[in-house]
Each structure stands twice: as C-alpha cells, then as structure tokens.
Amino acid sequence: MTTEPFDLAEQAASKIAELTGVASHDVALVLGSGWGGAADLIGETTHTLNATDIPGFSAPAVEGHVGTIRSILTPQGKRVLVLGARTHFYEGYGVRSVVHGVRTAAAAGAGILVLTNGCGGLNPQWTPGTPVLISDHINLTAASPLEGATFVDLTDLYSPRIRDIARTVDSSLEEGVYAQFTGPHYETPAEVRYAKTIGANLVGMSTALEAIAARHAGMEVFGMSLVTNLAAGISETPLSHAEVIEAGQAAGERISRLLAEILGKL
Ligand code: 8IG
C-alpha cells in the first residue's frame, strides 16, 4: 500500500488543527441522510469549516447532505469532529476519496468513529424513521479501501461495547446487518431478495468501506442506520429520494437526541 492517502489525511488533519486550534479530537461522527440535525444536540459547535478548504475533500453531491466539517465540544468535555461531507462510492472519485474523511479523523486523533446513514430496510416492521444499530456488514461493492497485502481482521468491527451503551440509552433498539451496494440506483426487488438471502437486514450505499478503513486505522467503530424506506419490493410503493428526505425530517429529532445521548456516554 502506498503512503499517499495517509499523507493526504495527515495534511487534512493538520489543516483542521490549524483552523480550529484543536490539537486532537476524541470522536469522529459521519452524518448520513436524515442525521444532519444530530450535531446540534451533541454540544457546542466551536468551529465550522468548509470541507472544500480541507485537503482531499470534495463538495457533497447529494441534497440533504451537509458539506461542512465541525468541531464540537460536548458537555462531558470531549471533542467531536463532525464530518458532514461524505463522499460516496457512486460519485466515482474512487475508494481513497470515500475513506479520506475517516483517515483524516484518525490522523486528527479520533479513536472512535461513529458512522450514520439512511438506508432501506428489509424487515417490514422497521417502518421509515426506525433507527437500527449496525451489528455487521456485507460489502457488496467489490472494492476495498485497503491496497496491497493489507490483511485486516474484521471480527466485531461494529463495537459490541458501544452497541451495549446504545441499548442502555434505548433498550428497544434493534440490530441489523448492513449491506453496502454501490448505488446510485436503488436495488431491484430481486437484489433485495438476494440481500435478504445472504443475511442482510439493511441496504445502503455507504458505511462498510469506511468501517474497514477505520478498523485498519485502529479506530473503534459504531454504526447506526436510519431506515428511511422499505427496500424495493418489500413495500408496495416505489422508492423516491423525496421519501428518504421526508423520513429523515420526521425522525430527525428523535434520532438526534438518541445519538447525542449515546455520544455523551462514550
Ligand atoms: I436513504 O433502499 C437509502 N439509501 N442501496 N437502498 C440503497 N441505499 C439506500 C436506500 C435503499 N435508501
């Protein structure tokens, strides 16, 4: 594996430290569809940076995603680096770009990575607006953020410790296996049946590649999905991005409080 991506992450982390005056962050948080409001409840935002001012970051491609990097001080005195500028695999910038934020967060000192996303649910009981803990993933992108002979164990990738903490906040939280598809199209109903057959409960277009990069960087990973729609073929109605935004807005307050409480206990 070449060192280039890690050099770029070091540069980005230095720039963040320079612009915020915060030498080291404790936790990194990636906000996916529907999770945009969560940052406001976590603590006091002391700095808001334009992602495009930080080396290696590109402008967000999707409506409903936020293109800023924020430094938040929690009531417990922890420093949270909020990455609102996620680069998706389907944007075509390559896997290095997809995981650049994660590597930057690791270089910025973060030992914990919290990944959130909006996704399709395979369990009909998980109506739009249901938050689900990610217990494991299936990477269907046919790609890896690791290059060369970088053999990384992914057992317990999604921290059992932090999932336990999450359940102390809300004991009704359920868990699921997240399958990352490439997108940007949603799945066909046949692909959703396939995902179900191989053990997935959630389908989306992010998270798995980032979690792999985070494990490689030595971070503890916590993942939470917001089911914004039933996956194709599970519900009778076709999917729409408007539906996704709407479910995010409707559930936004509850999941934001939930996430803030979990972060307060890390
Ligand atoms: I939001 O149903 C959201 N993202 N792959 N499938 C996939 N990604 C998604 C979906 C979905 N909903």
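As a reminder, the structure under discussion sits directly above these lines.
Predicted model, so just to flag it, every value in this text is computed and none were measured. (Residues numbered from 1 in each chain as written. Predicted model: local features only at pLDDT ≥ 70, side-chain atom pairs only at ≥ 80, totals over all residues. Heavy atoms only, no water.)

Colleague: Help me understand the pairing of strand β6 (residues 130-139), please; the structure alone is not making it clear to me.
Modeller: The side chains of a regular strand alternate between both faces of the sheet. Looking at chain direction, β6 and strand β9 (residues 220-230) are connected through four bridges and run antiparallel. Considered in β9, the bridge of Pro131 is made with Leu226. Here β6 pairs with strand β7 (residues 174-180) via seven bridges, running parallel. When the bridges of β7 are listed, His137 appears paired with Tyr178. (Pairing = 2+ DSSP bridges. Helix = DSSP H or I, 4+ residues; strand = E, 2+ residues; numbered from the N terminus.)

Colleague: I would appreciate a short explanation of empty space enclosed by the protein in the present structure.
Modeller: In this approach the atoms are scanned with a rolling probe the size of a water molecule, which exposes any empty space left behind. One pass over the full model with this rule turns up one cavity of 30 Å³ or more. Lining the largest cavity are 13 residues, and of these Ala85, Arg86, Thr87, Val98 and Gly101 sit closest to its centre. Mapped by element, the contributors of at least two residues to the lining of the largest cavity are α3 (95-98) and α4 (100-107). Among the elements that line the lining of the largest cavity, the one with the most residues is α4, at three residues. (1 Å grid on protein atoms, 1.4 Å probe; cavity = no way out; pocket = protein on both sides within 12 Å on 5 of 7 lines; lining within 4 Å. Points joined across faces, edges and corners; volume = space filled by probe spheres on them.)

Colleague: Looking at this structure, how should I read the side chain of Thr68?
Modeller: Looking at the secondary structure, you find Thr68 in strand β3 (residues 68-73). What Thr68 contacts, discounting residues up to four positions off in sequence, is Thr48, Leu49, Asn50, Ala51, Val82, Leu83, Gly84 and Ala85. (Contact = heavy atoms within 4.5 Å.)

Colleague: Explain the layout of surface pockets here, please?
Modeller: Estimated volume of the largest pocket: approximately 370 Å³. Taken together, 26 residues line the largest pocket, and the ones lying closest to its centre are Ser33, Tyr90, Gly118, Tyr186 and Met205. Mapped by element, the contributors of at least two residues to the lining of the largest pocket are β5 (112-121), β8 (202-204), β9 and α8 (241-264). For the lining of the largest pocket, the element with the highest residue contribution is β5, accounting for four residues. Residue composition of the lining of the largest pocket, by class: 12 nonpolar, 12 polar and two charged. (Nonpolar A, V, L, I, M, F, W, Y, C, P; charged D, E, K, R; others polar.)

Colleague: How should I be thinking about the nonpolar core in this particular structure?
Modeller: Generally speaking, nonpolar side chains in soluble globular proteins are found buried as a group. Ranked by size, the top nonpolar core spans 38 residues in total, and within it Ile69, Leu113 and Leu202 carry the most contacts. Looking at this core, the element that brings in the most residues is helix α7 (residues 208-216), giving four residues. By size, the runner-up hydrophobic cluster in this structure holds 29 residues, among which are Ala38, Leu133, Ile165 and Leu266. (Core = buried A, V, L, I, M, F, W, Y, C linked by side-chain atoms within 4.5 Å. Buried < 20%, exposed > 50% of the residue type's maximum accessible area, 1.4 Å probe, protein only.)

Colleague: Whenever I open this one, unusual backbone geometry confuses me. Can you help?
Modeller: Peptide bonds are mostly trans, and most non-glycine residues show a negative phi. Residue Pro184 is bonded to the preceding Gly183 through a cis peptide linkage, with omega at -5 degrees. Considering the arrangement of structural elements, one finds Pro184 in the loop between β7 and α6 (189-197). Of note, the phi angle at Ala142 is positive, near 60 degrees, even though the residue is not glycine. Relative to the helices and strands, Ala142 is located in the loop between β6 and α5 (160-169). Positive phi outside glycine occurs at Asp156, with the angle close to 50 degrees.

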